[in-house]
Amino acid sequence: APAAAPAPAPAAVTSSEAVDAVVARVRAVAAVLGLKGRILAFGSQISGFVTATSDCDLTYMPPEEEEEGPEEDGLGQKTKTESEVGILQRFATEMPKHGFHDIITVFQANVPLVKAVDPSGVEVDLCVGNELGHHNSKLIAAYCRLDRRVSQVGKMVKQWAKAWELVGSSDGHLNSYAFTLLTIYFLMNTRPSVVPNLQDAACNCESVNVKDQRWGQEAPWDCKFWEMVELIPRSMNSESTHTLLHGFFKFYAEFNWSRDVVSIRLGLTPSATASKFKLYSPLNNKEQWYIEDPFDLRHNLASQCTSEGRRRILEKMRETLEVLDAATHEGLPRLWASHCLRAPTRFLLKCRIHTDKVSASEYADALRAVRDVGPFTVRFPAAQRSREVIDAFAVFGSDSDRRRVHRLNETYIGEWQLRLLPCSTWALEDALRLGDYEELEVTPLEEPSEAASELREPATVDPSVEVRNGLRVAQTEEEVQVLIQRAEALGLSHEADLGGHKLRQMTGKASARARARTDSDSAGAWPRTNAVAAVETDPDEGPEGGAGAAAGGLKSSLSATIAALSGAPSKAPGPAAAAAEVAAAAAGKAVPAPFKDGDGIRLLLGESSLLLQDLGARFQ
């Protein structure tokens, strides 16, 4: 189990006035930038599920005319709509001037973010265009207004999940919002119900359509629900908060996860027992959990919950249930506090690392360059041929140290981009079970060396330097696209043009490879033959270059295969026979006749290893 110490007394819940002050400061930043859209709060700070560790989720909503598409300028030319990354880059550059600090940019993500700490100490997550999240939060807030036990039980469930490090979809668990939906769905299914279905109650009301593009395709979702909760009679259920909490763990410990869906949209309706296999989001297998977003019906909040994560959540639920079963009604609060409220003593970051491109010492030196951080530990994977890209970990003694190092997110070690993610102790323990890791004790440098200073700690370096360095070494189209958007936001037109040129080169190569594969497949020949020609004509290598020379040798070694195929009878052989002809011809052997598929399988197995060894030697 994760190392833990007794939990400190809960901090004061952030007041609505404090949230309003944060929103006002972010709006002031937007005004300086000339952004005319709205700043909306969403998440636990306005839903009623706020805890001592909750951050403040904000979204910038561009004006409607910007969402609908680019306008024309005075010359009749279409003006370019600013990208999400571009908008967030401008916020990240301006926010320190307004007292925000510890700025972290998370641009290589499905939902780009800027993370910052407000002058009052509130952690802020800012994204663009998440109006659906705002409506989700309004729905949860309505349930909290309807019955105070909704927020009381919900907060305790979230505190329990965070104490046992069960929050985080990147670790294969559930996110915080999923635990909120679990709470409300349970409270619908008590006897009698604590809350009704507010979406079903508004079935005859006018639709509230919100467009969403999170999944790459725009879809309108109906976000209506009954908002006048003061008109709804209060529940006849009089159970205490701790009794309901006990019921929560019993309900989900016995829940039929293999068949049923957690859906507050369908709860208490005739469709409440609908199979999870008949909903919008496809499932990989029957064991996958289904927790439906109440508005975005494509979104299964349990889609990233792994088999190990599911096992761990249920194990902790049943363990907690056993503890609560042994308590008297009067002793429940004390027992809950002693068993379920824990404060972590280790704070982790993980990062996918290619062990052939980044060494343990290089990784440790990159993190060591951050100032004002105490000693920490790096756990780095030993080289494993079967898994070249694998998680490396850094373990810190405080959350503030982890946050400072997290500012290195999306910087580079050589050509490898660091994508740092906060993670749980479970993630490290799972990784240690799968492979060997070396342990390095790291003491940060008081004055970074010249080599370390080149890592460009984001807190001290102009972001334009990061963009220039990134464009020089970026390896993927996604990285280059984000860097172009950042360059445009920073007014770096020359860098944006360079990025565009690099992107066109990368796109052209990918298209050439795709055409080669298509031509090869349509010709019915072995796919590698046209790939050889594509490599030989690579504009960056040329026929005399290293890749071209290797491809030329490969083409010669395959000439027998091509000759055998061109002289084949008009009646095509079976698939095993055809494959065996390829292997036999490449190995310089005659094809036996008469030829049977069974013989072909045996010949293919015998000769394919020789062929692969030859290919490997030529490409080495």
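Residues numbered from 1 in each chain as written. Predicted model: local features only at pLDDT ≥ 70, side-chain atom pairs only at ≥ 80, totals over all residues. Heavy atoms only, no water.

Caption draft 1: Highlighting the overall build of the protein. What the protein contains, in helices and strands, is 23 helices and 16 strands. Taken across its 620 residues, the protein has 48% of its residues classed as buried. Of the contacts made within the protein by residues no fewer than 6 positions apart, 67% connect residues no fewer than 24 positions apart. Total accessible area on the protein is roughly 30,600 Å²; 52% of this is exposed by carbon and sulfur atoms. (Helix = DSSP H or I, 4+ residues; strand = E, 2+ residues; numbered from the N terminus. Buried < 20%, exposed > 50% of the residue type's maximum accessible area, 1.4 Å probe, protein only. Contact = heavy atoms within 4.5 Å. Areas by Shrake-Rupley, 256 points an atom, 1.4 Å probe, with all protein chains shown as cover.)

Caption draft 2: Seen up close, the environment of F295. In this structure, F295 sits in the loop between helix 9 (241-253) and helix 10 (307-325). For F295, a relative accessible area of 1% gives the class buried. For the pair formed by F295 and V210, sequence separation is 85 residues and the distance between their alpha carbons is 9.3 Å. Once you skip the residues sitting within four places of it in the chain, F295 turns out to touch L132, H135, N136, L139, Q199, W221, D222, C223, K224 and F225.

Caption draft 3: Spatial organisation of the nonpolar core. The biggest cluster of nonpolar side chains holds 62 residues, and the ones touching the most others in it are W160, L174 and Y252. Of all the secondary-structure elements, those providing two or more residues to this core are helix 5 (131-146), helix 6 (148-163), helix 7 (176-188), strand 8 (219-222), helix 9, helix 10 and helix 11 (332-340). Apart from residues lying up to four places away in sequence, W160 is in contact with L166, F179, F249, I313, K316, M317, T320, W336 and C340. V19, V23, L33 and V128 belong to the second largest nonpolar core, which has 29 residues in total. (Core = buried A, V, L, I, M, F, W, Y, C linked by side-chain atoms within 4.5 Å.)

Caption draft 4: Structural view of helix 1 (residues 16-32). The end-to-end C-alpha separation of helix 1 is 25 Å, in line with the 24 Å expected for 17 residues at 1.5 Å each. Buried residues along helix 1 sit in contact with strand 2 (38-42), helix 2 (44-47), strand 3 (56-61), helix 4 (84-94) and strand 6 (123-128). Note on helix 1: the residue one or two positions beyond its end, G34, has a positive phi of about 75°. (Expected span 1.5 Å × (residues − 1).)

Caption draft 5: Quick peek at the packing of aromatic side chains. Tallied over the full model, the rule gives 20 aromatic pairs. Relative to W336, the ring of F249 has its centre 6.0 Å away and its plane inclined at 45°; by these criteria the two rings are tilted. One end of the pair, F249, is in helix 9; the other, W336, is in helix 11, and 87 residues separate them in sequence. When its relative accessible area of 3% is taken as the criterion, W336 is described as buried. Geometrically, the ring pair formed by Y252 and F255 is tilted, given 5.7 Å between the ring centres and 50° between the ring planes. Under the relative-accessibility criterion, Y252 is labelled buried at 0%. According to the relative accessible area criterion, F255 is buried, its value standing at 12%. Cluster of aromatic residues (ring-pair linked, three or more members): W160, F179, Y185, F186, F248, F249, F251, Y252, F255, W257, W289 and W336. The aromatic ring of W164 is capped on one face by K316, whose charged end is 4.0 Å from the ring centroid. (Phe/Tyr/Trp six-rings, centres within 6.5 Å; stacked < 30°, edge-to-face > 60°. Lys NZ or Arg CZ within 6 Å of the ring centre and 35° of its normal.)

Caption draft 6: Fine view of the side chain of D296. Looking at the element boundaries, D296 is found in the loop between helix 9 and helix 10. Judged by its relative accessible area of 0%, D296 is buried.

Caption draft 7: Spotlight on the confidence of the model for the protein. Within the protein, residue pLDDT values average 81, and 75% of them lie at 70 or more. Contacts for the low-pLDDT stretch residues 451-459, under 50 throughout, to residues beyond four places or in other chains number 22 contacts. Contacts for the low-pLDDT stretch residues 582-607, under 50 throughout, to residues beyond four places or in other chains number 31 contacts. (pLDDT = per-residue confidence, 0-100.)

Caption draft 8: Here's a closer look at the pattern of salt bridges. Using the criterion set out here, one finds 28 salt bridges in the structure. As a salt-bridge pair, D365 and R368 come within 2.3 Å of each other at their nearest N and O atoms. With D365 and R368 both in helix 12 (residues 360-368) and three residues apart, this pair spans about one turn of that helix. On the basis of relative accessible area, D365 is assigned to the partly exposed category, the value being 36%. Its salt-bridge partner being R379, residue E439 comes within 3.7 Å of it at the nearest N-O pair. On the criterion of sequence distance, the pair formed by E439 in strand 16 (residues 437-442) and R379 in strand 11 (residues 376-381) is long-range, its members being 60 residues apart. Of the residues examined, E439 reaches a relative accessible area of 48% and is grouped as partly exposed. Ionic contacts of the salt-bridge type, sharing partners, join the residues E308, R311, R312, E315, D430 and R433 into one network. (Salt bridge = Lys/Arg side-chain N within 4 Å of Asp/Glu carboxyl O.)

Caption draft 9: Spotlight on the sheet that holds strand 6. Spatially, 2-3-6-5-4 is the arrangement adopted by the five strands of the open sheet, whose pairing is mixed. Each edge of the open sheet is held by one strand with a lone partner, namely strand 2 and strand 4 (101-106). Across the sheet, the mean angle from the axis of one strand to that of its neighbour is 25°, orientation sign disregarded. The pairing of strand 5 (residues 113-117) with strand 6 spans four bridges and is classified as antiparallel. The residue of strand 6 that forms the bridge with K115 is D125. The sheet strands contacting helix 1 are strand 2, strand 3 and strand 6, and the helix crosses strand 3 at an angle near 35°. (Pairing = 2+ DSSP bridges. Axes fitted to C-alpha atoms, helices over the stretch in contact; angles between N-to-C directions.)

Caption draft 10: Here's a closer look at the sheet that holds strand 11. Sheet architecture is open: five strands sit in the order 15-10-12-11-16, paired in antiparallel fashion. In the strand order of this sheet, the two ends are held by strand 15 (420-423) and strand 16, each with one partner. Sheet twist, expressed as the mean angle between neighbouring strand axes with direction ignored, is 25°. Two elements, strand 11 and strand 16, share six bridges in a ladder whose sense is antiparallel.

Caption draft 11: Region of the structure containing helix 14 (residues 425-434). Within helix 14, the full set of buried residues consists of T425, W426, A427, L428, D430 and A431. Looking at the buried positions of helix 14, the neighbouring elements they touch are helix 10, strand 10 (347-354), strand 11, strand 12 (389-396), strand 15 and strand 16.

Caption draft 12: Geometry of the environment of W426. Take W426: it is sitting in helix 14. Sequence separation between W426 and R312 is 114 residues, and the spatial gap between their C-alpha atoms is 9.4 Å.

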